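# Fold and contact review
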Amino acid sequence: MLEKLQTLEDRYEKLNELLSDPEVASDSNKLREYSKEQAGLEETVQTYREYKDICSQHDDTRAMLDDGLDEEMKEMAKAELEELSEKKAELEERLKFLLIPKDPNDDKNVIMEVRGAAGGDEAALFAGDLFRMYSRFAEFHGWKIDIMDSHESEVGGYKEIIFMVNGSGAFSKLKFENGAHRVQRVPQTESGGRIHTSTATVAVLPEAEEIEVDVNEKDIRVDTFASSGPGGQSVNTTMSAVRLTHEPTGIVVSCQDEKSQIKNKEKAMKVLRARIYEKFQQEAQAEYDEHRKSAVGSGDRSERIRTYNFPQNRVTDHRIGLTLQKLDRILEGQLDEITEALLIEEQTKALEQIGE
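Residues numbered from 1 in each chain as written. Predicted model: local features only at pLDDT ≥ 70, side-chain atom pairs only at ≥ 80, totals over all residues. Heavy atoms only, no water.

Below, the discussion takes up the overall build of the chain. Helix and strand content of the chain: 9 helices and 11 strands. Counting over 356 residues, the chain shows a buried share of 39%. The long-range fraction of contacts in the chain, counting pairs at least 24 apart against all pairs at least 6 apart in sequence, stands at 63%. As presented, the chain carries roughly 19700 Å² of accessible surface, and 47% of it is formed by carbon and sulfur atoms. (Helix = DSSP H or I, 4+ residues; strand = E, 2+ residues; numbered from the N terminus. Buried < 20%, exposed > 50% of the residue type's maximum accessible area, 1.4 Å probe, protein only. Contact = heavy atoms within 4.5 Å. Areas by Shrake-Rupley, 256 points an atom, 1.4 Å probe, with all protein chains shown as cover.)

One pass over the structure, following the stated rule, counts 25 salt bridges. Note that Glu139 is salt-bridged to Arg136, the shortest N-O span being 3.2 Å. Within this pair, Glu139 and its partner Arg136 are both found in helix α5 (residues 121-140), separated by 3 residues, close to a single helical turn. Taking the relative accessible area as the measure of exposure, Arg136 reaches 23% and is therefore partly exposed. Between Lys267 and Asp146 there is a salt bridge, and its shortest N-O distance comes to 3.2 Å. Taken as a pair, Lys267 in helix α7 (residues 261-286) and Asp146 in strand β2 (residues 144-152) lie far apart in primary sequence, 121 residues in all. Relative accessible area serves as the criterion here: at 26%, Asp146 is assigned to the partly exposed category. Via salt bridges that share partners, Glu9, Glu13, Arg49 and Lys52 belong to a single interconnected network. (Salt bridge = Lys/Arg side-chain N within 4 Å of Asp/Glu carboxyl O.)

Taken in spatial order, the 3 strands of this open sheet run β6-β7-β8, and their pairing is antiparallel. Taken across any chain shown, the strands that pair with only one partner, and hence form the sheet edges, are β6 (220-225) and β8 (251-255). When the angles between neighbouring strand axes are averaged without regard to direction, this sheet yields 15°. Here β6 pairs with strand β7 (residues 241-246) via 6 bridges, running antiparallel. Bridge pairing links Asp223 to Arg243 in β7. (Pairing = 2+ DSSP bridges. Axes fitted to C-alpha atoms, helices over the stretch in contact; angles between N-to-C directions.)

It is worth spelling out the sheet that holds strand β9 (residues 304-309) at this point. On the basis of which strands lie adjacent, the open sheet formed by 8 strands has the order β2-β3-β1-β5-β4-β9-β10-β11 and mixed pairing. Of all strands in the sheet, those with a lone pairing partner are β2 and β11 (322-324), marking the two edges. Recorded for the sheet is a direction-independent mean angle of 15° between the axes of neighbouring strands. Taken together, the 3 bridges between strand β10 (residues 314-317) and β11 define a ladder with antiparallel strand orientation. Looking at β11, one finds that Thr316 is bridged to Thr323. Here α5 sits on the sheet and contacts β1 (110-116), β2, β3 (158-166), β4 (179-185), β5 (196-206) and β9; the angle it forms with β5, its principal contact strand, is near 45°.

What follows covers unusual backbone geometry. Phi at Asn313 takes a positive value of approximately 50°, unusual for a residue other than glycine. Tracing the chain through its elements places Asn313 in the loop between β9 and β10.

A word on the UniProt feature "coiled-coil region" (unreviewed entry) in the chain. Taken from the UniProt record, the annotation "coiled-coil region" (unreviewed entry) applies to residues 74-101. Its end C-alpha atoms 43 Å apart, residues 74-101 is made of 89% helix and 0% strand. (UniProt positions renumbered as here; feature names shortened; annotations may be inferred.)

Moving on: a negative patch on the surface. On the surface, a cluster of negative charge is made up of Glu80, Glu82, Glu83, Glu86 and Glu90. Inspection of the secondary structure assignment puts Glu86 in helix α4 (residues 71-98). Given the relative accessible area of 47%, Glu86 is considered partly exposed. (Patch = residues over 30% accessible without salt bridge, like charges linked within 9 Å, V, L, I, M, F, W, Y side chains within 5 Å. Lys, Arg positive; Asp, Glu negative; His and termini not counted. Charge placed at Lys NZ, Arg CZ, Asp CG, Glu CD.)

Once that is clear, we can look at the pairing of β1. The buried fraction of β1 is high, at 6 of 7 residues. Bridge count between β1 and β3: 6 bridges; the pairing is antiparallel. By the bridge assignment for β3, Val110 is matched with Val165. Here β1 runs beside β5; their pairing, made up of 7 bridges, is antiparallel. Within β5, the position partnered with Val110 by the bridge is Pro206.

A few words now on the packing of helix α3 (residues 28-65) against α4. How two helices pack is summed up by the angle between their axes together with the distance between the axes. Following both chains from N to C, one finds α3 and α4 inclined at 155°, their axes separated by 9 Å at the closest point. When the axis of α3 is compared with that of α4, the two are roughly antiparallel. As for the relative orientation of α3 and α4, their crossing is left-handed in sense. Across the contact of α3 with α4, the residue classes tally to 11 nonpolar, 6 polar and 10 charged. (Parallel < 35°, antiparallel > 145°, perpendicular 65-115°, else oblique. Left-handed = near helix turned anticlockwise from the far one by under 90°. Nonpolar A, V, L, I, M, F, W, Y, C, P; charged D, E, K, R; others polar.)

In structure tokens form, the structure reads like this:
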């Protein structure tokens, strides 16, 4: 571990030199690349330097104890040594977590797709509840929501809604939402008071930059059509809605939320690029050994990850067996307790894999 940490510190110092180089300063791509790499190493290197300082103090204090101090000084040195030992152990544990390979997508913006699944109208209403939950969660973290495309249900909620979450670290906290979400409650239309079970699916895609996904315009078929709302009612009579079909992969994306065809195409391209990026990532992940996958779940949209039980005000995340009697607060966007528990589980499994 110490050898790896020293290598990272050496690289950090090298990046300092590179960022001071006039040639790098004049190259915006290199400047951005090196600055990002250095920022990613900052916390680990600073913690490692603190650790080395504590180790030095620890060795000096131990040496003092061997120098035949009087009883009063010896007691003081022992107390200091105990304190330094505790601090050293804390920093060692922190460094282990800092050495866990970071998900390269963690700092990216997120494109989320929420769809009503099993349960008809009730599933659409639940999809609306989930969208509101994520909107509130984003608001708490200072992120911005931008709706890309939506298809409202006649009774409320959404058959489907696609939106972008813009903000630092959005993917790192929202990536665990991938999967099928189940709701258990008495629908408003149920006169007998019976509890129904419905589901909605959530997909979380990291925003892909153009340099990460090379999408050839010649491979995309563009169709335009007039936007429509619930019940087929015309939203506008202009051909502003856009449908993009990426012929090599068969991925289809449509967007109709903007009145401008150009803006709808821009939004649709963001979603298309993200879906192509996800497809490539899934293909690469499929080549990995099964035991290397995180225990918090594969992120497959068909995998049931969480149940929201209204009668008992209970939320259960099935991947880690976490149950909270806080459904009302969670639906108001207070998701941090769940996301932090999932992150700890992911980090713990990563540490176990490093130790194999």
